[in-house]
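So you can see what is in the structure, the chains are spelled out below.
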Amino acid sequence: MEANAETAPRNPVPDDLHAQHLLLLACSGRLSQIVEVLVELEVADHLAPGPLPVEELAERAGAHPDALYRVLRCAASVGIFAEGPAHVFSSTPLADGLRSDNPDGVLPLVKYNRMELTERPYASFLHSVRTGEPVFRQAFGSTFIEYLEHNPGIDDFYDGFMSHWSRQFAAEELNQWDLGRFRRIADLGGGDGFFLAQILKRHPDTTGVLVDLPHVAKKAASVLAEEGVADRAEIRAGDLLKDPLPEGCDGYLLKAVLHDFDDAEARRILTGVRESMPDSSARLLVVDSILDPGNAWDHGKFLDLDMLVLHGGRERNLDDWRKLFAAAGFELLSEPIYHWTLLECRPV
């Protein structure tokens, strides 16, 4: 006897697109584990030359053929690799982002997101949501910066992770900005000096001064030397919140710095910059994220949660930036696009 629509058991997993989307989100923890396994086994690199049967792929990757097949079958259902013919897998545009030889890929980000450095604090995510406070110190007994300072291996990875994005950003954006008009640029929170070096290489009449915490600033000497600009760059160890900032510069750059700080701390840094400026012709140059308004997709909205959990900082929308600049004595001059961009300000 056939069951009719009223007596047939109801499918416990709804099959409409909204429900499938929700199920995918609910399973995202498993999906991130899948991506981590695929990265560890270097599957994207193995499939870069062309499709492979799963048995041969498993041999190259050092995996169990059937188990690897089941992982790849699941990954293929969301576009990471593709099966066809049966038990033969090939790469996809999405999977190409996991290749180690892809300079525009997201492999460093995948590794960063799966490190204990980020995973352990997120285990106490609810505490941040309830209190508005970062939980990194609770998880590790130190601030994020202190932890890096005392764990050289992780610090080296983090340097490489940040340099990966600096290289992409330099290649995409620096040629579009008129930074050659500046005689001397202060790169505040300049890290290992790579970004400042790219500016100086493009503009041989410009000099620079890099400021960062002592354990960070000491790395910059070798980078600036390797890039051939050490003779035009000064390195100063200092805390942007506590120590005097360089005076006499006509450009003050803060790249991916202010989002690490809450509004009160960011305002203190900007006020320090304003007090160090020689005259009204100097410019503040902030390279940071501008969040898309409303419900639009924006990876910065995820990064904003990292700032909450790890640092106590925040990402900002355009109105947030305008208010922050005004409170520190600046006026926004540029018409920035959303996402990562240059916000140029003049002192008022």
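Residues numbered from 1 in each chain as written. Predicted model: local features only at pLDDT ≥ 70, side-chain atom pairs only at ≥ 80, totals over all residues. Heavy atoms only, no water.

A. Representation of the sheet that holds strand β9 (residues 330-332). Taken in spatial order, the seven strands of this open sheet run β6-β5-β4-β7-β8-β10-β9, and their pairing is mixed. Lying at the two open borders of the sheet, with one neighbouring strand each, are β6 (233-237) and β9. The average angle at which neighbouring strand axes cross in this sheet is 25°, direction not considered. Pairing analysis gives three bridges linking strand β4 (residues 184-188) to strand β7 (residues 251-255), with the strands arranged parallel. Following the sheet pairing, D187 is matched in β7 by L253. Where helix α16 (residues 263-276) meets the sheet, it contacts β4, β7, β8 (283-290), β9 and β10 (339-347), and its direction lies at approximately 165° from that of β7. Strand contacts of helix α18 (residues 318-327): β8, β9 and β10, with the helix running at about 150° to β8, the strand carrying the most contacts. (Pairing = 2+ DSSP bridges. Helix = DSSP H or I, 4+ residues; strand = E, 2+ residues; numbered from the N terminus. Axes fitted to C-alpha atoms, helices over the stretch in contact; angles between N-to-C directions. Contact = heavy atoms within 4.5 Å.)

B. Molecular detail of the nonpolar core. One finds L188, L254, L270, L284, F325 and F330 to be the most contacted residues of the largest nonpolar core, which totals 30 residues. For L254, the residues in contact, after removing those within four places along its chain, are L188, L240, I269, L270, L284, L285, V286 and V287. Within the second largest apolar cluster, 24 residues are counted, among which are A58, L68, L72 and I80. (Core = buried A, V, L, I, M, F, W, Y, C linked by side-chain atoms within 4.5 Å. Buried < 20%, exposed > 50% of the residue type's maximum accessible area, 1.4 Å probe, protein only.)

C. Up close: the sheet that holds strand β1 (residues 52-53). As summarised here, the arrangement of the three strands in space is β1-β3-β2, forming an open sheet in which the pairing is antiparallel. Taken across any chain shown, the strands that pair with only one partner, and hence form the sheet edges, are β1 and β2 (82-83). Packing against the sheet, helix α5 (residues 65-76) makes contact with β2 and β3 (88-90), and its axis sits at approximately 45° to β3.

D. Focus on the pairing of β4. The buried fraction of β4 amounts to five of the five residues, a majority that puts the element mostly inside the structure. Here β4 shows a buried face lined by R184, A186 and L188 and a second buried face lined by I185 and D187. Across five bridges, β4 lies against strand β5 (residues 207-212) in parallel orientation. By the bridge assignment for β5, L188 is matched with V211. As for the winding sense of the linkage, the β-α-β connection from β4 through helix α13 (residues 194-202) to β5 is right-handed. (Right-handed = clockwise from strand over helix to strand, strands pointing away.)

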